[in-house]
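Examining the three-dimensional arrangement
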Amino acid sequence: SKEQRLLAEKETLGLYLTGHPITRYESELRHFISSRIVDLKPDRDQKITIAGLIVGIRSMNSRRGERMAFITLDDRTARIELGVFPENYQRYRDMLVKDKLLVVEGTVSVDEYSGGFRMSGERLLTIDEARATYAKKLLIDLDVAQGANGFVGSLATLLAPYRQGSCPIWIKYKTQHARADVMLGQSWQVQPTDDLIVNLGKLVGPKRVRVIY
């Protein structure tokens, strides 16, 4: 897949050569974020939400001896340094992994020393957590031919490991004579993870699976 190729490029060359991992999420990220990094123009402390790939991490102790970190986020348009201070470091430290995509809510201000911007991260979300927070439903387009030959059983088996989430599943079903939107029962609400979306795409076709915000 494109994602595997990009990972191999990074492991081999130390950089992404033919693309950027954030590209596949850009249509979704616009529902989460308030600004791309390149468009940030704060004139005072300002609350924003951005997303980016972790491309650098510096961990250190604060003056009180508490652990904290500064991470560099890259969203393909620009980069920004994000401070994760002791009060949030313990909560989010498992997310602070290089090449991980994060959605970050926090405060951005002008860094008078460097002339750039600095940001304090107050809430960090993985892409799966952001999707679960903001998604209204997971929609599957299905026609009569695809819905035959044991499809219902295959769908139930595929969804089973992702149940106990809060995202409803809707099926847009059509035949030659009628169309209907069918919502699965509440017990079939799911966690809309990357794995689920990829596996549904293999079952019905990638273009037939959409997260609706």
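This section reports on the structure supplied with the text. No experiment lies behind these values; they were computed from the predicted model shown. (Residues numbered from 1 in each chain as written. Predicted model: local features only at pLDDT ≥ 70, side-chain atom pairs only at ≥ 80, totals over all residues. Heavy atoms only, no water.)

1. A few points about the overall build of the chain
- The helix and strand tally for the chain stands at six helices and 10 strands.
- Taken over the C-alpha atoms alone, the chain extends approximately 65 × 40 × 30 Å along its principal axes.
- Here the chain holds 213 residues, and the buried ones make up 42% of them.
- Put simply, of all contacts in the chain between residues at least 6 apart along the chain, 61% involve residues at least 24 apart. (Helix = DSSP H or I, 4+ residues; strand = E, 2+ residues; numbered from the N terminus. Buried < 20%, exposed > 50% of the residue type's maximum accessible area, 1.4 Å probe, protein only. Contact = heavy atoms within 4.5 Å.)

2. As for the side chain of Thr107
- With respect to the secondary-structure elements, Thr107 resides in strand E4 (residues 101–110).
- Reaching out from Thr107, the side chain makes a polar contact with the side chain of Glu122 at a distance of 2.8 Å.
- Discounting chain neighbours no more than four positions away, the residues touching Thr107 are Asp45, Gln46, Lys47, Arg118, Met119, Ser120 and Glu122. (Polar contact = N/O pair within 3.5 Å; in protein donor to acceptor, adjacent residues only side chain to side chain.)

3. Overview of helix H5 (residues 151–159)
- Those residues of H5 that fall on the buried side of the exposure criterion are Phe151, Leu155, Leu158 and Leu159. The arc enclosing the buried residues of H5, seen along the axis, measures out at 90°, which places them on a common side.
- If you follow the buried residues of H5, they end up packed against strand E6 (137–143), strand E7 (163–167), strand E8 (169–174) and helix H6 (194–204). (Arc of directions from axis to C-beta.)

4. Some remarks on helix H4 (residues 127–134)
- All buried positions along H4 are accounted for by Ile127, Ala130 and Arg131. Each buried residue of H4 lies within a common arc of 100° when the element is viewed along its axis, so the set occupies one face.
- Contact partners of the buried residues in H4: helix H2 (26–29), E4, strand E5 (117–126), H6 and strand E10 (209–212).

5. Things to note about the packing of aromatic side chains
- Applying the stated rule across the entire model yields three aromatic pairs.
- Ring geometry for Phe32 and Tyr213: centres 5.4 Å apart, planes at 80°, overall edge-to-face. Of this pair, Phe32 sits in the loop between H2 and strand E1 (46–61) while Tyr213 sits in the segment after E10, and the two are 181 residues apart along the sequence.
- Arranged with centres 5.9 Å apart and planes meeting at 90°, the rings of Phe70 and Phe85 form a pair that is edge-to-face. Taken together, the positions of Phe70 in strand E2 (residues 67–74) and Phe85 in the loop between strand E3 (79–84) and helix H3 (86–92) put the pair 15 residues apart, joining distant regions of the chain. (Phe/Tyr/Trp six-rings, centres within 6.5 Å; stacked < 30°, edge-to-face > 60°.)

6. Overview of the pairing of E3
- As paired strands, E2 and E3 are joined by six bridges and run antiparallel to one another. By the bridge assignment for E3, Leu73 is matched with Ile80.
- Hairpin geometry of E2 and E3 is characterised by an intervening segment of four residues between the two adjacent antiparallel strands and by a positive phi of about 80° at Arg76. (Pairing = 2+ DSSP bridges.)

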